[in-house]
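Spelled out from the first residue to the last, the chains are:
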Amino acid sequence: MTASSPDRAAPSTARRITLAVLAMWLSRVAAIALGLLLMPLLFARLPAAELGVWLLLSQSGVLILLLDFGLTSTLIRRFAFWQGDLMVGGGESDDAARSFSRLAATGRRLYLMIALAVGGISWLGGLAFIATLDIDRALMQEALLAWSIICFGQAIALSNGLWTAAISGLGHVAPVSLLAIAFNAATILAQCAIVIAGGGLTALAVAGALGSLGFRIGAVAYLRRKEPSLAKINGGWDKATAVDLMGPSLKYFLTEVGALLLMKADPYFIAAFLDPASLPVYAANYLLAFNAAVISIAIGDAGNVYVSQLWRTGTTDRVRAIVLRSMRVGMGLMALGAALLLFAGPSITAVWLGDGRFVGLPVMATFSAMLILYTQQSLLFGFSRATEHEVYAGWYLAAGALNIGLSFVLTPTLGLVGVALSTLLAQAATTGWRIPLLGLRRLDIELSQYLSHVAAPIAALFIAACAAIWLVTYGPAAPDAPLAKLIAATAAGGAVGLAGFCTLVLDDGMRARLLQKAAQLGRRSLAPGE
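Quantities reported herein were computed from a predicted structural model and do not represent experimental measurements. (Residues numbered from 1 in each chain as written. Predicted model: local features only at pLDDT ≥ 70, side-chain atom pairs only at ≥ 80, totals over all residues. Heavy atoms only, no water.)

S.K.: Hey, could you run me through unusual backbone geometry in this one?
M.R.: What is expected of a backbone is that most residues other than glycine have negative phi and most peptide bonds are trans. The residue Glu388 is not glycine, and still its phi comes out positive at about 60°. On the secondary structure map, Glu388 appears in the loop between α14 (361-385) and α15 (393-414). The exposure class assigned to Glu388 is partly exposed, which follows from its relative accessible area of 26%. Even without a glycine there, the phi angle at Asp444 is positive, about 60°. Within the secondary structure, Asp444 sits in the loop between α17 (431-442) and α18 (447-474). (Helix = DSSP H or I, 4+ residues; strand = E, 2+ residues; numbered from the N terminus. Buried < 20%, exposed > 50% of the residue type's maximum accessible area, 1.4 Å probe, protein only.)

Dropping the structure here:
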């Protein structure tokens, strides 16, 4: 494997970022579409109590993956730094190969210890929590078995972080994204078949565990094919490397703990203070809003590796260009998603899940505001983290603690609105403003530059989208049928989005490149007939 100088690598980096973004979007959209396919089947085939338990268990299983003590993020960054050093040094050497192998071998041992510890502790804690639920004996027994299988599968998934980090850090972001969605799609389709066939929680959990195992096999095979000189981990445990890795990793972990308390605690308060049967509708509507954020943040997740590589080479001007361009696109997508959910939310849920499944405008408006803030801070602190700037733990822990405290007060008094409002207020008071300021400072971007290049055009896009979607869903000529409303809202939002991205989101350089590409495609299409 060789690497070129930073200047010569620029076109390759741009192409890789574009491919990574497209692959990330494809994987996120596919995952969302499959999830939307599974949810109606769950609503139709599982009793309300069993569905509520499954949603609780499956979300808890996802949370386990976040308890890798930040090692995956740190390793991706270190592998990217390693690649950036090659870009400066001119290519791979024996010392570089040994450094890579030492890093990978130490990471493998750390992942094994984390998987065993987190999997075991989560398993015991989950068993204790399930025992407190007010459900019948048969459902409780099945929930206990399903949770045991989920923990086993997630322990495998945790250890898969080494291969994800190596492949992504070396710049193969698009392939690892496509590999992940392939096995995720197989898992969800298997779960759909299980639900249709009358299977329960245990079979659903088994499908998830097999998906994690399949991804591991595929990732190892890919790395061996693409990077044969690096795929064999010949080094051994290195204490100094482990200490160097765990310093920023633990800071990342504390940040993630705060983020979990901030963004993922709602189901537990609903189960404790309200009615578990109300959880599915809340979770389904939150899923719609959160999916909009997931798609928007994907552009940052795809570009972080290349920001790390370029930061290592010292080309900070290119880093700033990537960040501002990514923020415009990511926040623009979230603005369009929020506008669609605010005014077409009842139609979306009616078409998707049936009438009476919309959580209500107050809750959805709270979701939208919460996730606009979440998208902004996630993008900026992701890019900042790519430079190994881990200074966010205190703010996220404060936000999580404030959310928990507010939830105890607002959930019993305001119901579902109180659950969502607690998260919004906690975020607005802490991370919603402080994280963006810290991130901009680290990336050497002036606040005035960010406001003029990102915030102002995105605000204009949001207002225009809200007006257009409201007009076609509630105006004088608005259709009555939910599907017709949804089609009209999507068309209006798409039209505003296309116009807005061309005029408000894309800068002059991006518009020029887009027009150039369109002209090239036009000439190619005419060439055979000339």
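S.K.: Could you clarify how one ought to interpret the packing of helix α6 (residues 161-169) against helix α8 (residues 201-226) in this entry?
M.R.: Helix packing geometry: the angle between the two helix axes and the distance between the axes. It is the contact of α6 with α8, at a shortest axis distance of 10 Å, that shows an interaxial angle of 35°. For the crossing formed where α6 meets α8, the hand is left-handed. Between α6 and α8, the residues in contact are Trp163, Thr164, Ala166 and Ile167 and Phe215, Arg216, Ala219, Val220, Tyr222 and Leu223, respectively. Residues of the contact of α6 with α8, tallied by class, amount to eight nonpolar, one polar and one charged. (Axes fitted to C-alpha atoms, helices over the stretch in contact; angles between N-to-C directions. Left-handed = near helix turned anticlockwise from the far one by under 90°. Contact = heavy atoms within 4.5 Å. Nonpolar A, V, L, I, M, F, W, Y, C, P; charged D, E, K, R; others polar.)

S.K.: For this particular structure, what's the right way to read the side chain of Ser347?
M.R.: The residue Ser347 is located in helix α13 (residues 316-353) in this model. Taking relative accessible area as the criterion, Ser347 reaches 7% and is therefore assigned buried. Among residues more than four places away in sequence, those in contact with Ser347 are Pro482, Lys485 and Leu486.

S.K.: Looking at this structure, how should I read the pattern of salt bridges?
M.R.: Opposite charge on two side chains allows them to pair when their charged atoms are near. Counted according to the given criterion, the structure contains seven salt bridges. Put simply, Glu388 and Arg77 hold a salt bridge, and the shortest N to O gap is 3.0 Å. Residue Glu388 is located in the loop between α14 and α15, and its partner Arg77 is located in helix α3 (residues 71-89); the two are separated by 311 residues in the primary sequence. The salt bridge involving Arg78 is made with Asp244; its shortest N-O contact spans 2.5 Å. Highlighted residues: Arg78 in helix α3 and Asp244 in helix α10 (residues 239-263), separated in sequence by 166 residues. (Salt bridge = Lys/Arg side-chain N within 4 Å of Asp/Glu carboxyl O.)

S.K.: Mind showing me how you'd approach the confidence of the model for the protein chain here?
M.R.: Parts of the model with low pLDDT should not have their predicted coordinates read in detail. Residues at a pLDDT of 70 or more form 89% of the protein chain, whose mean pLDDT is 83. Every residue in residues 1-11 scores below 50 in pLDDT, and together they form 21 contacts with partners more than four places removed in sequence or on other chains. (pLDDT = per-residue confidence, 0-100.)

S.K.: Help me out: how do you make sense of the packing of aromatic side chains in this one?
M.R.: Any aromatic ring pair is given by two values, namely how distant the centres are and how the planes are angled relative to each other. Counted by the stated rule, this structure contains 11 aromatic pairs. On the basis of an interplanar angle of 75° and a centroid distance of 5.9 Å, the ring pair of Phe129 and Tyr268 is categorised as edge-to-face. Remark: Tyr268 occurs in helix α11 (residues 266-273) and Phe129 occurs in helix α4 (residues 94-130); sequence separation between them is 139 residues. Residue Tyr268 is classed as partly exposed on the basis of its relative accessible area, which comes to 25%. Between Phe273 and Phe408, the aromatic rings sit 5.7 Å apart at their centres with planes inclined by 90°, giving edge-to-face as the arrangement. Of this pair, Phe273 sits in helix α11 while Phe408 sits in helix α15; the two residues are 135 residues apart in sequence, bridging distant segments of the chain. For Phe273, a relative accessible area of 35% gives the class partly exposed. One aromatic cluster is present, built from ring pairs that chain together Tyr282, Tyr286, Phe290, Phe367 and Tyr374. Taking the ring centre of Tyr474 as reference, the NZ or CZ of Lys485 above it sits at 5.3 Å. (Phe/Tyr/Trp six-rings, centres within 6.5 Å; stacked < 30°, edge-to-face > 60°. Lys NZ or Arg CZ within 6 Å of the ring centre and 35° of its normal.)

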